[in-house]
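Geometric and topological summary
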Amino acid sequence: MKCPVCGHPDMVKKVLDETLAYGGQSLTLHAMHGEFCSHCGEGVWDDESYRRYTEAQAGLLRSVKGDVGEDIRRIRKKLNLTQAELASVFGVGKMAFSRYERGESRPPAPLVKLLKLIDRHPDLLGEMRNV
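Conventions used here
- Counting of residues starts from 1 at the beginning of each chain's written sequence and follows it residue by residue.
- Residues qualify for local features only when their pLDDT is at least 70, as the model is predicted, and side-chain atom pairs are given and counted only at 80 or more; totals for whole chains, interfaces and linings, by contrast, use all residues.
- Excluded from the side-chain calculations are hydrogens and water; all other atoms, namely the structure's heavy atoms, are used.
- Each domain span listed reflects an automatic or database assignment of domains.
- When DSSP finds two or more bridges between two strands, those strands count as paired.
- We count a stretch as a helix when DSSP gives it H or I for four or more residues in a row; a strand needs E for two or more, and each element gets its number in order from the N terminus.
- Axis angles are defined between N-to-C directions and span 0 to 180 degrees, where every axis is a line fitted to C-alpha atoms and, for a helix, only to the segment in contact.
- Whether two residues touch is decided by their heavy atoms; if any such pair falls within 4.5 Å, the residues are in contact.
- Patch members must show over 30% relative accessible area and no salt bridge, and they are joined within 9 Å when carrying like charges or within 5 Å when they are nonpolar side chains of Val, Leu, Ile, Met, Phe, Trp or Tyr.
- Only the protein chains shown count as cover for residues, and the accessible areas themselves come from Shrake-Rupley with a 1.4 Å probe.
- Salt bridges, as used here, are contacts in which a Lys or Arg side-chain nitrogen is within 4 Å of a carboxyl oxygen on Asp or Glu.
- Any two cysteine sulfur atoms within 2.5 Å of one another count as a disulfide.
- The rule is simple: take the accessible area with a 1.4 Å probe, protein chains only, and divide by the maximum for that residue type; under 20% is buried, over 50% is exposed, in between is partly exposed.
- Here roughly perpendicular refers to angles of 65 to 115 degrees, roughly parallel to angles under 35, roughly antiparallel to angles over 145, and oblique to all remaining angles.
- Should the near helix be turned anticlockwise from the far one by less than a right angle, the crossing is termed left-handed; should it be turned clockwise, right-handed.
- Charged residues are taken to be Asp, Glu, Lys and Arg, nonpolar residues to be Ala, Val, Leu, Ile, Met, Phe, Trp, Tyr, Cys and Pro, and polar residues to be all remaining types, Gly included.

The next point concerns the domain arrangement of the chain. Domain boundaries in the chain define domain 1 (11-65) and domain 2 (68-130). A separation of 34 Å is found between the C-alpha centroids of domain 1 and domain 2.

If you want it as structure tokens, here you go:
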């Protein structure tokens, strides 16, 4: 395998510990397997290590930022609304909240803040419908 960055032909198999850090939290993945360039140091994880890396990265982001999709679902159910009804109130497509709740797309930050405000003050929902 050639290095994907510098093209050097000497990739060396190694087993390393990899530390991920985000938002003041960190975690270390042990025994990560990959091939690393002896010239520039760039590396490529094997399939299993790459899977572990991406799962750990997503978990770390959720632990720092929280699970926005679950928050949206909880607030929507508290308001006793369907996804389509909530989408209508916010003026977005019918499928938007379905994608947000499943984590397929990330909602805009202002929408999340407004939902959290409505969660604290449900009476504002009526005003939103009239805006």
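There's more to say after this.
The next point concerns the sheet that holds strand E1 (residues 11-22). The three strands lie next to each other as E1-E2-E3, forming an open sheet whose pairing is antiparallel. Looking along the sheet, the strands with just one partner apiece sit at the ends: E1 and strand E3 (43-45). On average, adjacent strands in this sheet sit at an angle of 45 degrees to one another, irrespective of strand direction. Sheet topology places E1 next to strand E2 (residues 25-37); eleven bridges connect them, and they run antiparallel. Pairing of Lys14 across the sheet is with Gly34, part of E2. Together, E1, E2 and E3 form the strand contacts of helix H1 (residues 47-65), whose direction differs from that of E2 by roughly 155 degrees.

Where nonpolar side chains cluster on the molecular surface, the patch consists of Tyr22, Leu61 and Val64 and spans about 210 Å² of accessible area. Here Val64 lies in helix H1.

Right, let's get into the state of the cysteines. Covalently bonding the sulfur atom of one cysteine to the sulfur atom of another cysteine gives a disulfide. Throughout the structure, instances matching the rule amount to zero disulfides. Considering cysteine sulfurs only, Cys6 is the nearest to Cys37, which forms no disulfide, with 3.6 Å between them. According to the relative accessible area criterion, Cys37 is buried, its value standing at 6%. No disulfide involves Cys40; its sulfur sits 3.5 Å from that of Cys3, the nearest cysteine. The class of Cys40 is partly exposed, set by a relative accessible area of 39%.

What follows covers the environment of Pro110. As for its placement among the helices and strands, Pro110 is situated in helix H5 (residues 109-120). The exposure class of Pro110 is exposed, given its relative accessible area of 61%. Residues Pro110 and Val15, 95 residues apart in the sequence, show an inter-C-alpha distance of 43 Å.

It is worth spelling out unusual backbone geometry at this point. The phi torsion at Ala31 lies on the positive side, around 55 degrees, for a residue other than glycine. With respect to the secondary-structure elements, Ala31 resides in strand E2. Even without glycine at this site, Asn80 takes up a positive phi of about 60 degrees. Relative to the helices and strands, Asn80 resides in the loop between helix H2 (68-78) and helix H3 (83-90).

Direction vectors running N to C along H2 and H5 enclose 40 degrees, while the axes themselves pass 10 Å from each other. By the criterion of interaxial angle, the relationship of H2 to H5 is oblique. Remark: the crossing between H2 and H5 carries left-handed chirality. Taken together, the residues of H5 that come into contact with H2 (itself represented by Val68, Asp71, Ile72, Arg74, Ile75 and Lys78) are Val112, Leu115, Lys116 and Asp119. Tallied by class, the residues present in the contact of H2 with H5 amount to five nonpolar, no polar and five charged.

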